[in-house]
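# Results of the structural survey
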Amino acid sequence: QVQLLESGGGLVQPGGSLRLSCSASGNIFSITRMGWYRQAPEKQRELVAVITRAGTTNFAASVEGRFTISRDIAKNTVYLQMNSLKPEDTAVYYCNAERFNLNYWGKGTLVTVSS
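All values derive from a computational prediction rather than experimental measurement. Counting starts from 1 at the beginning of each chain's written sequence and moves along it residue by residue. pLDDT decides what is reported in this predicted model: residues at 70 or higher carry local features, side-chain atom pairs at 80 or more are listed and counted, and totals for whole chains, interfaces and linings draw on all residues regardless. No hydrogens and no water enter the side-chain calculation; it runs on all heavy atoms of the structure.

### Concerning the packing of aromatic side chains
We call Phe, Tyr and Trp rings a pair once their centres come within 6.5 Å, taking the six-membered ring for Trp, and we label the pair stacked below 30 degrees between planes, edge-to-face above 60, and tilted otherwise. The tally for this structure, following the rule as stated, stands at one aromatic pair. Look at NZ for Lys and CZ for Arg. If either is within 6 Å of the ring centre and within 35 degrees of the ring normal, a charge sits over the ring. For Arg-45, the ring lying beneath its charged end belongs to Tyr-94, and the centroid distance is 3.7 Å. Against the face of Trp-105 rests Arg-45, its NZ or CZ located 4.6 Å from the ring centre.

Shown next, in the form of structure tokens:
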């Protein structure tokens, strides 16, 4: 089992920035990739950004150039730096880890972009 704990959500004005953190614990060996997904009200959960074990990153087109994903291997933590936030970025953001073709999820952290 892998446990994921997110932090860093909150209320921010349009154009502002937030950084989300996701700490992994448990059977973290052989995690092949970690990332962030989000789910807005009445919408399906969607990929935001992922980083593989090798360090390769991938982003949704809607956040490319505004969001970055990074990791601190020693702390077993993945970060999502979100800049130039827009109201349409409002959603619950979920941390995800993939290990042996199984997906693990955090409980989510709410990001609200509003003036």
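### Some details on the state of the cysteines
Working definition: a disulfide is two cysteine sulfur atoms within 2.5 Å of each other. A complete count under the given rule lists one disulfide for this structure. Note on cysteine connectivity: Cys-22 is disulfide-linked to Cys-95, with sulfurs 1.9 Å apart. Torsion about the S-S bond of the Cys-22 and Cys-95 cystine: about -80°, corresponding to left-handed handedness. Residue Cys-22 is found in strand S3 (residues 18–26), and its partner Cys-95 is found in strand S9 (residues 91–99); the two are separated by 73 residues along the sequence. Numbering of helices and strands starts at the N terminus; helices are DSSP runs of H or I of at least 4 residues and strands are runs of E of at least 2.

### Digging into the nonpolar core
Grouped together as the largest cluster of nonpolar side chains are 30 residues, with contacts concentrated most on Leu-4, Met-34, Trp-36, Leu-80, Met-82 and Tyr-93. Those elements that provide at least two residues to this core are strand S1 (2–7), S3, strand S4 (31–39), strand S5 (46–52), strand S7 (67–72), strand S8 (77–82), S9 and strand S11 (109–113). Beyond its immediate chain neighbours, meaning those up to four positions away, Met-82 contacts Gly-16, Ser-17, Leu-18, Leu-20, Arg-66, Phe-67, Tyr-93 and Val-111. As used here, the term nonpolar core means buried Ala, Val, Leu, Ile, Met, Phe, Trp, Tyr and Cys residues forming a set that is joined through side-chain atoms within 4.5 Å. The rule is simple: take the accessible area with a 1.4 Å probe, protein chains only, and divide by the maximum for that residue type; under 20% is buried, over 50% is exposed, in between is partly exposed. Throughout, a contact is declared for two residues whenever any of their heavy atoms are within 4.5 Å.

### Here we look at unusual backbone geometry
In this model, Asn-76 sits at a positive phi of 50°, which is unusual for a non-glycine residue. Tracing the chain through its elements places Asn-76 in the loop between S7 and S8. Backbone geometry places Ser-84, a non-glycine residue, at a positive phi of 50°. Within the secondary structure, Ser-84 sits in the loop between S8 and S9.

### Quick notes on the sheet that holds S3
DSSP-based pairing: two strands are paired if at least 2 bridges between them are found. Taken in spatial order, the four strands make up an open sheet running S1-S3-S8-S7, and their pairing is antiparallel. The outermost strands of the open sheet, each flanked by one partner alone, are S1 and S7. Adjacent strand axes in the sheet meet at a mean angle of 20° when their direction is disregarded. As defined by bridge partners, S3 adjoins S8 across six bridges and the pair is classed as antiparallel. Following the sheet pairing, Cys-22 is matched in S8 by Val-78. Angles here are taken between N-to-C directions and fall from 0 to 180 degrees, while the axes themselves are lines fitted to C-alpha atoms, restricted in helices to the stretch in contact.

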